[in-house]
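A structural walkthrough
The chain contents come next:
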Amino acid sequence: MDPVELFHEVAATVPAYGRFLAEQGVDPEKIVTRDDFARLPMTTKDSYTLRHPLPDLCRNGVIGDMIAVSSGSTGTPSFWPRSAGDERVIAERFEEVFRDSFLARERRTLAVVCFALGTWVGGLFTIGCCRHLAERGYPITVVAPGSDRREIARVLPDLAPYFDQVVLLGYPPFLKNVIDGEDLPWAEWDVKLVTAGEVFSEEWRTLVAERAGIADPVRGIASLYGTADAGVLGNETALSVGIRRFLAARPGLARELFGESRLPTLVQYDPGVRYFEEHQGTLLFSGDNGVPLVRYHIADEGGVLPYEELLGFVRAHGYEPEAEGPERPFVYVFGRGHFTVSYYGANVYPENIAIGLEQAEVSGSVTGKFVVEVATDERHDRHLTVTVELAPGERPSEEVAQAVGASILGQLLRLNSEFAAYVPAGRQMPFVRLREAGDPEYFPPGAKHRYTR
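Everything in this summary refers to the structure shown in the same document.

What counts and how
- Residues numbered from 1 in each chain as written.
- Predicted model: local features only at pLDDT ≥ 70, side-chain atom pairs only at ≥ 80, totals over all residues.
- Heavy atoms only, no water.
- Core = buried A, V, L, I, M, F, W, Y, C linked by side-chain atoms within 4.5 Å.
- Buried < 20%, exposed > 50% of the residue type's maximum accessible area, 1.4 Å probe, protein only.
- Contact = heavy atoms within 4.5 Å.
- 1 Å grid on protein atoms, 1.4 Å probe; cavity = no way out; pocket = protein on both sides within 12 Å on 5 of 7 lines; lining within 4 Å.
- Points joined across faces, edges and corners; volume = space filled by probe spheres on them.
- Helix = DSSP H or I, 4+ residues; strand = E, 2+ residues; numbered from the N terminus.
- Axes fitted to C-alpha atoms, helices over the stretch in contact; angles between N-to-C directions.
- Parallel < 35°, antiparallel > 145°, perpendicular 65-115°, else oblique.
- Left-handed = near helix turned anticlockwise from the far one by under 90°.
- Nonpolar A, V, L, I, M, F, W, Y, C, P; charged D, E, K, R; others polar.
- Salt bridge = Lys/Arg side-chain N within 4 Å of Asp/Glu carboxyl O.

Time to look at the nonpolar core. Core analysis: the largest hydrophobic core is formed by 61 residues, its most contacted members being Tyr 17, Phe 98 and Phe 276. Not counting residues up to four positions away in its chain, the partners in contact with Tyr 17 are Phe 7, Val 10, Ala 11, Leu 40, Thr 43, Tyr 48 and Val 294.

A separate point is empty space enclosed by the protein. Counted according to the given criterion, the structure contains 2 cavities of 30 Å³ or more. Computed from the structure, the largest cavity encloses a volume of approximately 40 Å³. Around the largest cavity, the lining residues are Val 89, Ile 90, Arg 93, Val 232, Leu 233, Tyr 269, Asp 270, Val 273 and Arg 274. Breaking the lining of the largest cavity down by element, the ones donating at least two residues are helix H4 (84-101) and strand E8 (231-235). In terms of residue count, the dominant contributor to the lining of the largest cavity is H4 (3 residues).

Turning to the packing of helix H7 (residues 172-181) against helix H8 (residues 202-212), a few remarks are in order. For the pair H7 and H8, interaxial distance at closest approach is 10 Å and the crossing angle is 30°. The pairing of H7 with H8 is recorded here as roughly parallel in orientation. Between H7 and H8 lies a crossing of left-handed hand. Touching Pro 172, Lys 176, Ile 179 and Asp 180 of H7 are Trp 204, Leu 207, Val 208, Arg 211 and Ala 212, all from H8. Tallied by class, the residues present in the contact of H7 with H8 amount to 6 nonpolar, no polar and 3 charged.

This part covers unusual backbone geometry. A positive phi is found at Asp 190, a non-glycine position, where the angle reads about 50°. Secondary-structure assignment places Asp 190 in the loop between H7 and strand E6 (191-196).

A complete count under the given rule lists 29 salt bridges for this structure. Between Asp 100 and Arg 99 there is a salt bridge whose closest N-O contact spans 2.7 Å. A salt bridge links Asp 148 to Arg 150; the nearest nitrogen and oxygen atoms lie 3.5 Å apart. On the basis of relative accessibility, which here comes to 29%, the residue Asp 148 falls in the partly exposed class. Through salt bridges that share partners, Glu 202, Arg 205, Glu 236, Arg 244 and Arg 245 make up one connected network.

For the rest of this paragraph, the subject is the packing of helix H10 (residues 238-248) against helix H11 (residues 251-258). At their nearest, the axes of H10 and H11 sit 6 Å apart, and the two run at 120° to each other. With respect to H11, the element H10 is oriented oblique. Between H10, through Phe 246, Leu 247 and Ala 248, and H11, the contact on the second element is made entirely by Pro 251, Leu 253, Ala 254, Leu 257 and Phe 258. In terms of residue class, the contact of H10 with H11 is made up of 8 nonpolar, no polar and no charged.

Put into structure tokens, the structure is as follows:
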């Protein structure tokens, strides 16, 4: 993608962006080079999309043929028009996963959409993109039970035997809950997973692959990086997953590369349709969509790595990728920074806690969902508190609470050097509260889960 060319098209055809540039004192004719482009003011939800009527955000003031809704992190709905053309571009990311990792060109595939249905963006786009693959000749059949576990368990036994493989598409913790909680012959169906929306650990990938009977976790589970604003921006490949698993086993090396004590999602993207930039440790992107966006600040923490740079780094440290991958750049994504909590000056990341719950000694007793917060007691002492959801049928016990706390602490000390250095030894053990599955206060069914308070 030539970002300068996109800029001029958007400036000429999108009423809201023309007004935005005028307010910022930008003369479009003076934007000629990529250096000029990099000095353009960023757009954000607050400074741009929420300040203008929806038609004015679209090309020529015309809303596209479909509207998806996102709740965002604040719960306030945002509306994102799309067209069939936008879906076809996004379908390329699905196609790469289905073709290269799942071999879906040659295999009859049942795609089971487990994202929320209705107006919400995830379910709508996933259905649309899978059907685009069917139009391209892939032997794919789509069924959309949504996020209703009962409906998933009802339709799968009847449909799955007709297909060579079953692909479940949904949020990571929900898919894990379905696999753990439904007594179904997963291994017989040659299950694959496509996830989105959350960063997960390589321990999670290994654990879920074992429980679902997925023989090759590198090719059997793929994450998509997307936003409601722009659809899918990048996807895991066997190459990116292999590199990530190499780095997951070497936390010091991962910190050297990514600069933090947590492992980001690592995907590859197509620079021909999306243009990424870094800004103070966060991501900007530009792209043509139902709402064209120029230098849009997603607020996701992360960065961009050229293909040659990342491959050179891992090879210099002894890793030769087994899987071939497209020679395209990588983008890494930690997620939103406000999902961390600060404890004795150390940033505690949900990703660190999650790995503690995925260890073999405790993973059978919990679902993997949790809420981490820093609580203050009556003496005004602060405590790292983790509320953990138990697996269905499990009841709270001191024995499980102690095992969970020890597992979490072990991973915090292994992965988070800031935590190990800043937090006094006597304050490092987290206080663990166990809640039964579906607890209405912390783990209400059907809601998008928040890992911090």
